[in-house]
Amino acid sequence: MSQRIVVDPITRIEGHLRVEADIQNGKITDAFSSGTMVRGIEKILRGRDPRDAWAFVGRVCGVCTTVHSLASVRSVEDALDITIPPNAELVRNIMFCTQYMHDHVVHFYHLHALDWVDIVSALKADPKKTSEIAQSISNWPKSSPGYFSDLLKRLGTYVESGQLGIFANGYWGHPAYKLPPEVNLIAVAHYLEALEWQKEIVKVHTIFGGKNPHPNYLVGGMACSIGLDDVSAINAERLAYVGQLLEDAKEFINQVYIPDLLAIAPYYLDWGAIGGGLGNYLAYGDLGTNGYRDPSAYKFPAGAILDKDLSKIHEVDMRSDAEIQEFIDHSWYEYPADAKGLHPWKGETDIKYTGPKPPFDHLDTTQKYSYLKTPRWKGHAMEVGPLARVLVGYASGREDFKAVVDSTLQKLNVPAAALFSTLGRTAARGLESILVADWGLEFYDKLIGNIRNGDTRMANMDKFDPAKWPAKAQGVGHTEAPRGALGHWIVIEDQKIANYQLVVPTTWNASPRDGEGKQSAYESSLMNTPIADEQQPLEILRTIHSFDPCLACAVHLYDEEGKQVSRVKVL
Ligand code: NFE
Ligand code: MG
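The notes below deal with the structure included here. Predicted, not measured: the structure shown is a model, and the values here were computed from it. (Residues numbered from 1 in each chain as written. Chains lettered and ligands numbered in written order. Predicted model: local features only at pLDDT ≥ 70, side-chain atom pairs only at ≥ 80, totals over all residues. Heavy atoms only, no water.)

**Considering the overall build of the protein**
Test applied: Where helices and strands are cited, they refer to DSSP runs of H or I of at least four residues and of E of at least two residues respectively, numbered from the N terminus. Here the radius of gyration uses the C-alpha set of atoms, whereas the globule reference equals 2.2 Å times the residue count to the power 0.38. A 1.4 Å probe rolled over the protein chains alone gives each residue an accessible area, and that area as a share of the maximum for its type sets the label: buried under 20%, exposed over 50%, partly exposed in between.
A count of helices and strands for the protein gives 16 helices and 14 strands. Its C-alpha atoms give the protein a radius of gyration of 23 Å, near enough to 25 Å, the size a compact globule of 571 residues would have. Referenced to the eigenvectors of the C-alpha coordinate spread, the extents of the protein come out at roughly 70 × 60 × 45 Å. In the protein, buried positions account for 61% of the 571 residues.

This is how it looks when you write it as structure tokens:
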């Protein structure tokens, strides 16, 4: 007989996610993903000035702090046919790269590592042996026996006090933890160092965008003027500081993050065959080297892969209502009576909760069970995110992607098929961080080159005056948010927002099944996963965290009644 377990809330994510899983003979036989919070951002936007939308939508999320503002200004620029100056493209790209490096490192250490790293086991580490391992995998200077023995003392005091604080609910000692104590200790050291580092890299956003999170954007360019000798502008000193921060970030990624990833992975190679899920991948692409409007010169190419077939990349048209649609067969929304799937330009956000009255044990998953809508591309459920991007880059034959992917497969001595997995997803995030660290510096050098050549333009304000706009316009803006393909669709009528829809990466991945019963990425990836202890479903956390969930982004108000019962305690 199968037993249903409920993990709610899933922690170490952004927002509120509930997973229900049926388990039989130690394996997951069915899985359901439910977003239990809802926001009304799309409704808030209606009737507002399109030039202000970026400031509202940025507040969708405090984790992917910039991406919604970016997609928003692009949607307006698309609708009004505004081309922005090269420097604004470069600043947006540098901010994009900064965001990735910050988000991916924080995800790896603070949101995902504890699924693989046993904090309590680290106490048994030998500092000298730890130092030897650390020095064998990286040139990172903080690696002496003394450094690790100090850390061990601090950690010991903490654990002995019995006050584990944020670490209190971990499944420490769970048999699925496989790392030797010394590798656990290295990971703990870098967990703490990454906390320090992450507050540095975001300064790039404060320099170009005035603040972080939620830096300022501008329809038509960026709101940061260049003035090399001007104390109140982006001057020579500020620019040099950005360069230093990007260099430091590259070093942290290459000397800390990646060596740790490669030191941990060999103990978990079985996860190269678990958690693959759909095998369909979607990327809109981004990071134009010839501007956003020329997708052929994107650093992250666009495309779709179906059924793990890397020999064919399918083109994606975000404007076509035959391609991208959102369904609500299992979502707590209402559509007009005759509508099934809606393209985002025609999208509706009318919330109607029909689930059980809390507290309850289980959702009725034969009915509606989530505040996420279900997006589909040509009817297909698609995975988005680092793995999708890396696979699209790899399958497009791009040398930079091939170099990082092939060398990693070789180092870990695993076949390419291992990419389609929980381990593949987690590795892909690291691999694209290597690329992005380089690209950030490339964009930086170009920006400095342009400024040296006398081009300091940062905005095109030709169409800032609404009197110059057509009576009706619609546009789409996209980016590759850290968690995957992100699109904003806007309809402008009489200078105001008539409709606005966001289709967000975590909506693709975490959505409920569609009207045909097809699962989305989270649900599909949990199928057949072995569960050693139903009371401590660490394995569910591993796969779900490998997607880096953000439910704040994925649903568009907290439900005042939506307080859920926690069935399984998780860290
Ligand atoms: Ni709130 Fe987001 C990202 C966006 S999530 S984190 O990355 O867009 O799906
Ligand atoms: Mg939406």
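Once the structure has been displayed, the description carries forward.
**As for the coordination of the nickel atom of ligand 1**
Worth spelling out the cut-off: The donor definition counts N, O and S atoms within 2.8 Å of each metal and applies 3.2 Å to Na, K and Ca; water is not among these atoms, so some sites may look incomplete. Geometry is assigned from the angles between donors: four donors with all angles from 85 to 135 degrees make a tetrahedral site, four or six donors whose opposite pairs exceed 155 degrees while the rest stay between 65 and 115 make square planar or octahedral sites respectively, and everything else is labelled irregular.
Looking at the metal site, the nickel atom of ligand 1 is ligated by Cys61 (SG), Cys550 (SG) and Cys553 (SG), spaced 2.2 to 2.3 Å from it. One can describe the site at the nickel atom of ligand 1 as tetrahedral: its 4 donor atoms subtend angles covering 103 to 120 degrees at the metal. Donor residues binding the nickel atom of ligand 1 come from one chain and are separated in sequence as C-x488-C-x2-C. In this structure the iron atom of ligand 1 is found 3.1 Å away from the nickel atom of ligand 1, and Cys553 serves as a bridging donor for the pair. On the criterion of sequence distance, the pair formed by Cys61 in the loop between helix H2 (53-57) and helix H3 (67-80) and Cys553 in helix H16 (residues 551-554) is long-range, its members being 492 residues apart. The class of Cys61 is buried, set by a relative accessible area of 1%.

**Digging into the packing of aromatic side chains**
The criterion, for reference: The aromatic pairing rule takes the rings of Phe, Tyr and Trp, using the six-membered ring of Trp, and pairs them if the centres are within 6.5 Å, calling planes under 30 degrees apart stacked, those over 60 edge-to-face and the rest tilted. Charge-over-ring placement is defined geometrically: NZ (Lys) or CZ (Arg) within 6 Å of the ring centre, and within 35 degrees of the ring normal.
Here the structure, examined in full by the defined rule, presents 21 aromatic pairs. Aromatic pair Phe300 and Phe401: ring centres 6.1 Å apart, planes at 55 degrees, arrangement tilted. Within this pair, whereas Phe300 is found in strand S6 (residues 298-300), its partner Phe401 is found in helix H11 (residues 399-412), the two being separated by 101 residues in sequence. In terms of burial, Phe300 and Phe401 fall into one category: buried. For the pair Phe300 and Trp439, a centre-to-centre distance of 5.1 Å together with 85 degrees between the ring planes defines the contact as edge-to-face. Here Phe300, found in strand S6, pairs with Trp439, found in helix H12 (residues 422-452); they are 139 residues apart in sequence, far enough to count as distant. As far as burial versus exposure is concerned, Phe300 and Trp439 are alike and both buried. What links up through ring pairs into an aromatic cluster is the set Phe96, Tyr100, Phe300, Phe401 and Trp439. Lying across the ring of Phe464, Arg51 places its NZ or CZ 4.8 Å from the centre.

**Considerations on the sheet that holds strand S1 (residues 3-7)**
Adjacent strands of a sheet pair through backbone hydrogen bonds, lying either parallel or antiparallel. In plain terms, the rule: Note on pairing: two strands pair once DSSP finds at least 2 bridges between them. A fitted line through C-alpha atoms represents every axis, and for helices the fit uses only the stretch in contact; the resulting angles, taken between N-to-C directions, go from 0 to 180 degrees. Any two residues whose heavy atoms approach within 4.5 Å are treated as being in contact.
Sheet architecture is open: 3 strands sit in the order S1-S2-S3, paired in antiparallel fashion. Single-partner strands in this sheet number two, and they are S1 and strand S3 (27-35). The average undirected angle you get between the axes of adjacent strands in this sheet is 20 degrees. Across 8 bridges, strand S2 (residues 17-24) lies against S3 in antiparallel orientation. Note on S3: the bridge partner recorded for Leu17 is Gly35. Each of S1, S2 and S3 is contacted by helix H15 (residues 538-546), which is oriented at about 130 degrees to S2, the strand it contacts most.

**Thoughts on the site of ligand 1**
The condition that has to hold: Any residue with a non-hydrogen atom lying within 4 Å of a molecule or strand is treated as near it. By the criterion applied in these results, polar contacts are pairs of N or O atoms within 3.5 Å in which, for protein atoms, one can donate a hydrogen and the other can accept it, and in which residues neighboring in sequence qualify only through two side-chain atoms.
For ligand 1, the set of nearby residues contains 13 residues, the closest of which are Cys61, Cys64, Thr506, Cys550 and Cys553. Within the contact set of ligand 1, an oxygen atom lies 2.6 Å away from a side-chain nitrogen or oxygen of Thr506. Only H3 and helix H13 (505-510) provide two or more residues apiece to the shell around ligand 1.

**Examining the side chain of His343**
As for its position among the elements, His343 is in the loop between strand S9 (333-334) and strand S10 (350-351). Judged by its relative accessible area of 4%, His343 is buried. Here Met318 takes part through its backbone oxygen, which lies 2.9 Å from a polar atom of the side chain of His343. In this structure, His343 is in contact with Met318, Arg319, Ser320, Asp321, Ile324, Gln325 and Trp489, ignoring residues within four places of it in sequence.

**Quick look at a negative patch on the surface**
Quick reminder of the rule: Each patch is assembled from residues with relative accessible area greater than 30% and no salt bridge, linking like charges that lie within 9 Å and nonpolar side chains (Val, Leu, Ile, Met, Phe, Trp, Tyr) that lie within 5 Å. For every accessible area listed, the method is Shrake-Rupley and the probe measures 1.4 Å; residues are considered covered only by the protein chains on display. Throughout this description, the term salt bridge denotes a Lys or Arg side-chain nitrogen within 4 Å of a carboxyl oxygen of Asp or Glu. When charges are counted, Lys and Arg are positive and Asp and Glu negative, with His and the chain ends excluded. Where a charge sits is defined by one atom per residue type, namely NZ (Lys), CZ (Arg), CG (Asp) or CD (Glu).
Among the surface-exposed residues, Glu247, Asp248, Glu251 and Asp445 lie close enough to one another that they form a single negatively charged patch. Of all the elements, helix H9 (residues 236-264) adds the most residues to the negative patch, at 3 residues. As for its placement among the helices and strands, Asp248 is situated in helix H9.

**A few points about the sheet that holds strand S13 (residues 484-493)**
Across the sheet, which stays open at both edges, the 3 strands sit in the order S12-S13-S14 with antiparallel pairing between neighbours. Among the strands making up the open sheet, the edge pair consists of strand S12 (472-481) and strand S14 (496-503). Averaged over all pairs of adjacent strands, the angle between their axes in this sheet comes to 15 degrees, without regard to strand direction. Two elements, S12 and S13, share 10 bridges in a ladder whose sense is antiparallel. Directly across from Gln474, in S13, lies its bridge partner Val491. Sitting on the sheet, H3 touches S12, S13 and S14, and the angle it makes with S12 is about 145 degrees.

**Remarks on the packing of helix H5 (residues 127-137) against helix H7 (residues 181-201)**
Applied cut-off: Oblique is the label for any angle not covered by the other classes, which are roughly parallel (under 35 degrees), roughly antiparallel (over 145) and roughly perpendicular (65 to 115). Handedness of a crossing follows from how the near helix is turned relative to the far one, being left-handed for an anticlockwise turn of less than a right angle and right-handed for a clockwise one. Side-chain classes follow a simple rule in which Ala, Val, Leu, Ile, Met, Phe, Trp, Tyr, Cys and Pro form the nonpolar group, Asp, Glu, Lys and Arg form the charged group, and the remainder, Gly included, forms the polar group.
At a minimum axis distance of 9 Å, the contact between H5 and H7 shows a crossing angle of 70 degrees. For the element pair H5 / H7, the angle class is roughly perpendicular. Our pair here, H5 against H7, has a crossing hand that is right-handed. Listed contacts from H7 to Lys129, Thr130, Ile133 and Ala134 of H5 are Glu182, Leu185 and Ile186. Residue composition of the contact of H5 with H7, grouped by class: 4 nonpolar, 1 polar and 2 charged.

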